[in-house]
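Residue strings, one per chain:
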Amino acid sequence: MNAITPITTTLKDWETDQEVRWCPGCGDYAILKAVQRTLPELGADPANTVFVSGIGCSSRFPYYVESYGFHTIHGRAPAFATGIKLANPQLDVWLVTGDGDGMSIGGNHTMHVLRRNLDCQILLFNNEIYGLTKGQYSPTSRQGTTSPTTPLGSVDRPASPCAFALGAGARFIARGFDVSKELPNVLKAAYHHKGAAFVEIFQNCIVYNKDVFNDFAAPKGAEDRQLWLANGEPMLFAKGTQGIALDTEKLTLKVVDVIDGDWQAAGVIVHDVTNRSIAHMLVEMPFGPFPMALGVLYDDPRPTFEAAVMAEREKAAAGKEPNLAKLLAKGQTWTVTEGGPEL
Amino acid sequence: MATQLADPEAKSTVAPEAVVVRFAGDSGDGMQLTGGQFTLSSALAGNDFATFPDFPAEIRAPQGTLFGVSAFQINFGSTSIDTAGDAPDVLVAMNPAALKTNVGALKPGGLIIADTGEFTKRNLEKAKYDVSPLEDGSLAKWQVLAFDISALTLESVKPFGLGNKEALRCKNMWTLGLALWMFDRDRAPLIDWLNAKFAKNKVLADANVAALNAGHAYGETAELGGHVKKLHLGPVPTPAGLYRTITGADAVALGLVAGAQLAHLPMFFGGYPITPASSILHALVRLKEFGVTTFQAEDEIAAICAAIGASYAGQLGVTSSSGPGIALKGEAMGLAVMTELPLVIVNSQRGGPSTGLPTKTEQSDLYQAVYGRNGDAPIPVVSARSPSDAFECAIEACRIAVQYMTPVILLTDGYIANAAEPWQVPDPATFKEFPVTFLAEKNAGDTLLPYKRDGKGTRPWIKPGTPGLMHRIGGIEKAVDTGHLDYSPANHQAQTDARKAKVDGIAQSIPDQDVCLGAPGGKLAVVGWGSTYGPIHQAVGRARAKGMDVSHIHVRHIWPMPQNLGELLKGYDKVLVPEMNTGQFKTVLRDQFLVDARPLTKTSGQPFTIAEIEAAIEGALA
């Protein structure tokens, strides 16, 4: 985010005249709407906003947002975003990528944009499949996923985007899913984080990986399978009847029952978004034995890359005159006169 | 040139017009430093010169080994110098390995100066000598001056109490001192330089100065077997003005800074370490006050993508690499073509393919520059002929990039990047500016057309942050004018044609091809590009002096080529194209102009010698 004068816009102001070309029923529609609904609430300025994407279904996103947009090449959006932000730190940069784009071909750039802490929002749409190339398994596909390239089921273990991001040094990590009503709040938190804000958004690919997230995202019984994290609040789910506590012997998390709402007695942890140790446990918390951790898992800002680059540049340039003639004549020179050379 | 350097019979010393000296030693012996300082001393003596640093890819190769030899050759004289010289007149060999790997190049009758202190049994074994060549008569066709430089150096720095290892590191200054005496050079600027270099360590400064003075005094007073005479090479007639030495890497860096200033733009440079291109990044990181932002990216791809991002945001994006890195940047170059954003890509070519010869020179990335992308992706290509020429070429690359909204490739090579030559410092007031205008409001009434082309076929440059001009660009084919996604057959045809026409049209903004030596027509044209300029120019000059009908044409604009080039070439009976590859420019010339261009190729990692090209000229005219 940037400290800018808020602009008054409506959802309509963020829609382009381009026909949206995702498959009917694709989760991307819901994410697009959530973003378009959130931007006016943030007071964002379309002229000052840039959506940068790589390649894949998710990366068509910029074409549908009425702002500046750059649909780049596969996996490299973080590098483009870095150049854009260093050239003009005033711009609000959103990066849209997918599990193939951001975790596979562009994994290296995802790592470095997080490590450097470039001020931008990174939305990684995770549908656990390559959609645009017709359904091959992806680096986040679960083991055993059958696809045109894995007819017998995939054998390699999936990557966890949030664990990867934290390992890379991210200072903001959040999770949401396409049709969740909470998604705009997650986006707002990402926007208000100064620095690289990493948001994994589970997205339903209805053609190639339909309802793969239903185990936790389906509305029925969602309370039992979703842990929505809130800073300063106890980690409760299942309508407050269960919570997450620390197993102090094994140094792992555990699910505990909460009797009569007395979560303190049950030892339920109060979420502290600045606690990196808790963040490490949350990103690794396996779904199944545990609910899916959603919302803001970690938020502890540090100085941004572009601010450091600008500060260093200003310091290095301070008191120096950008005189080209003097620069060219720098170093050991000599003058040739009619009488020959001299120092 | 018959050298008088080592002629014991010579009654009086007649100085030659030019002398070639090669300093060779272990990669830890400081030969590049010695060469660099001897170069400076040549400049101050008013000589013209050209240098050729030739060092191993290994940073600290095992001591005394054949592959660990580092050499620095300089050709200097009182006449115009275009190359680092074919064969050395003098070889300074700091150890047996340096002698073994370099003596073959020495002219018959040339002078070998060898440090006997290093000709130990162990070092001889490492250099694969069974017997010391200093003793077995195998060096009979040369003059040999062998004495214990190591011991003499140790003696000279004794008062400073250095350890043996540190003391021996002063050997290169002792040797430099001797060389300064041989060529009648002033020691004062080098003493100043040493004092500045070791300002924080007075003892080391004093020791190095003492070694330098001792080497000089040795020449002055010792009995050198009557072999060596002190020579004075006078200054070359040069236009009056301010001069400095410059390497190609520095010239590119300065040219990019100048180009960005002439375009009235801040510059963004994205780079990733690679030999021999890193020096450009090293130079630019120190120029932040000129509005330069440098970014050492995580890889070559990120380096170019960040540069394109910066161009998109309104700065002059630049990236630089060598062949392997340029290959990685290929896809992003295509995006810059499609999105029509300005970008300068510098390729300091080295021997390939793959990792190839990282520290050796070659011109084998011409196909890669002209053709090396997917799709019809025309990119203008400019090539520098010498270290100082790289300055102008960098400015030219910036001009084309911003005036035509296109990526531009600037080709140099390992030789140009590392070699130094004298450069008359230009006056920036004489440079022609090419200020950029960004689109500030809609360009078609109430509508914005991001791909509306002007008379040159160029689209407007629109910075994010500009109110009212929001639009989207990307790598998918763009509709004419609107820039919307458009896969339709007619549109792709129209945009492919438009991109080609735009780049072809750049030819209208570049000067006609000149003939740099000889006549516009005749029996033979020797057509070169890039760093072969020196040897071609000298060879053509010598052939013409013998009365041969031959001309030298040197092409800066590889793509598109000057409009008159085809007609010009058709005015010669024969066209010979010397290049350090298997004949790439030759193929492009044949393709573009249907001329019977003949190749003269060399891919040894070493520049052409004048003699090689002279022989080819004689062969072509025989």
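Remember, it's a predicted structure, so these values are computed and weren't measured experimentally.

Residues and elements named next belong to chain A. Here we have three strands laid out as an open sheet, ordered E10-E11-E12, and antiparallel in their pairing. The sheet is open, and its two borders are formed by strand E10 (236–237) and strand E12 (252–257), each paired with just one other strand. Bridge count between strand E11 (residues 242–247) and E12: six bridges; the pairing is antiparallel. Pairing of Gln242 across the sheet is with Asp257, part of E12.

For chain B, per-residue confidence averages 93 on the pLDDT scale, and residues scoring 70 or more make up 96% of the total. With pLDDT under 50 throughout, residues 1–12 of chain B is counted as low confidence; its partners more than four residues away or in other chains account for 25 contacts.

With that settled, the discussion passes to the packing of helix H1 (residues 27–42) of chain A against helix H6 (residues 183–192) of chain A. Residue and element names in this part refer to chain A. Their axes nearest at 9 Å, the elements H1 and H6 cross at an angle of 55°. Our classification of the angle between H1 and H6 gives oblique. Taken as a pair, H1 and H6 cross one another with a handedness that is right-handed. Residues Ile31, Ala34, Val35, Thr38, Glu41 and Leu42 of H1 form the contact with H6, whose own contacting residues are Leu183, Pro184, Leu187, Lys188, Tyr191 and His192. Taken together, the residues that form the contact of H1 with H6 break down as eight nonpolar, two polar and two charged.

Right, let's get into the packing of helix H2 (residues 77–87) of chain A against helix H11 (residues 305–317) of chain A. Residue and element names in this part refer to chain A. Relative to each other, H2 and H11 sit at 45°, their axes nearing to 10 Å. By the criterion of interaxial angle, the relationship of H2 to H11 is oblique. The crossing of H2 and H11 is right-handed. In this structure, H2 contributes Thr82, Lys85 and Leu86 to the contact, and H11 contributes Phe305, Glu306, Val309 and Met310.

This next bit is on the packing of aromatic side chains. Two measures describe an aromatic ring pair: the distance that separates the ring centres and the angle between the ring planes. In total, this model carries 32 aromatic pairs over all chains according to the counting rule given. Aromatic pair A:Phe70 and B:Tyr312: ring centres 4.6 Å apart, planes at 45°, arrangement tilted. You can see A:Phe70 sitting in strand E2 (residues 68–71) and its partner B:Tyr312 sitting in helix H11 (residues 300–312), one on each of two chains. Grouping residues by exposure puts A:Phe70 and B:Tyr312 together as buried. Aromatic pair B:Phe147 and B:Tyr218: ring centres 4.8 Å apart, planes at 25°, arrangement stacked. Taken together, the positions of B:Phe147 in strand E6 (residues 143–147) and B:Tyr218 in helix H8 (residues 202–221) put the pair 71 residues apart, joining distant regions of the chain. By the burial criterion, B:Phe147 is buried, and B:Tyr218 matches it. Its end group placed over the ring of B:Phe38, B:Arg185 keeps NZ or CZ at 4.8 Å from the ring centre. When the ring centre of B:Phe76 is taken as origin, the NZ or CZ atom of B:Arg185, which lies over that ring, is 4.9 Å away.

Let us look at the environment of B:Glu433. All names here are of chain B. Looking at the element boundaries, Glu433 is found in the loop between strand E14 (420–424) and strand E15 (472–474). Among the residues examined, Glu433 registers a relative accessible area of 49% and is labelled partly exposed. Considered as a pair, Glu433 and Ala260 are 173 residues apart in the sequence and their alpha carbons are 9.7 Å apart. Glu433 has contacts with Leu262 and His264, leaving out every residue within four places of it along the chain. Of the polar contacts made by the side chain of Glu433, one reaches the side chain of His264; its length is 2.9 Å.

Now for the side chain of B:Asp26. Take B:Asp26: it is sitting in strand E1 (residues 18–26). Although buried, B:Asp26 forms no salt bridge, and the nearest oppositely charged side chain, B:Lys126, lies 7.3 Å from it.

Calculation rules
- Going along each chain's sequence as written, the residues are numbered from 1 onward.
- Chains carry letters from A onward and ligands carry numbers from 1 onward, assigned in written order.
- The predicted origin of the model limits local features to residues at a pLDDT of at least 70 and limits the giving and counting of side-chain atom pairs to 80 or more, whereas totals for whole chains, interfaces and linings rest on all residues.
- Computation of side-chain values covers all heavy atoms of the structure but excludes hydrogens and water.
- The pairing criterion for strands is at least two bridges between them, as found by DSSP.
- We count a stretch as a helix when DSSP gives it H or I for four or more residues in a row; a strand needs E for two or more, and each element gets its number in order from the N terminus.
- In predicted models, pLDDT denotes the confidence assigned by the predictor to each residue on a 0 to 100 scale.
- In this description, contact between two residues means that some pair of their heavy atoms is separated by no more than 4.5 Å.
- Helix axes are fitted to C-alpha atoms over the stretch in contact, other axes to C-alpha atoms as well, and angles between N-to-C directions run from 0 to 180 degrees.
- Throughout this description, any angle smaller than 35 degrees is read as roughly parallel, any larger than 145 degrees as roughly antiparallel, any in the 65 to 115 degree range as roughly perpendicular, and the remainder as oblique.
- Helix crossings get a hand from a simple test, with the near helix turned counterclockwise from the far one by less than a right angle marking a left-handed crossing and a clockwise turn marking a right-handed one.
- Residues are grouped as follows: Ala, Val, Leu, Ile, Met, Phe, Trp, Tyr, Cys and Pro are nonpolar; Asp, Glu, Lys and Arg are charged; every other residue, Gly included, is polar.
- Stacked, edge-to-face and tilted are the three classes for Phe, Tyr and Trp ring pairs, Trp counted by its six-membered ring, which pair at centre distances within 6.5 Å; planes under 30 degrees apart are stacked, over 60 edge-to-face, the rest tilted.
- Only protein chains enter the area calculation, which uses a 1.4 Å probe; residues under 20% of their type maximum are buried, those over 50% are exposed, and those in between are partly exposed.
- The criterion is that NZ of a Lys, or CZ of an Arg, lies within 6 Å of the ring centre and within 35 degrees of the ring normal, and then a charge sits over that ring.
- Polar contact is defined as a pair of N or O atoms within 3.5 Å, subject to the rule that within protein one atom must be able to donate a hydrogen and the other to accept it, and that residues adjacent in sequence are counted only when both atoms are side-chain atoms.
- Under the convention used here, Asp and Glu are negative, Lys and Arg are positive, and both His and the chain ends fall outside the count.
- Any Lys or Arg side-chain nitrogen located within 4 Å of an Asp or Glu carboxyl oxygen qualifies as a salt bridge.

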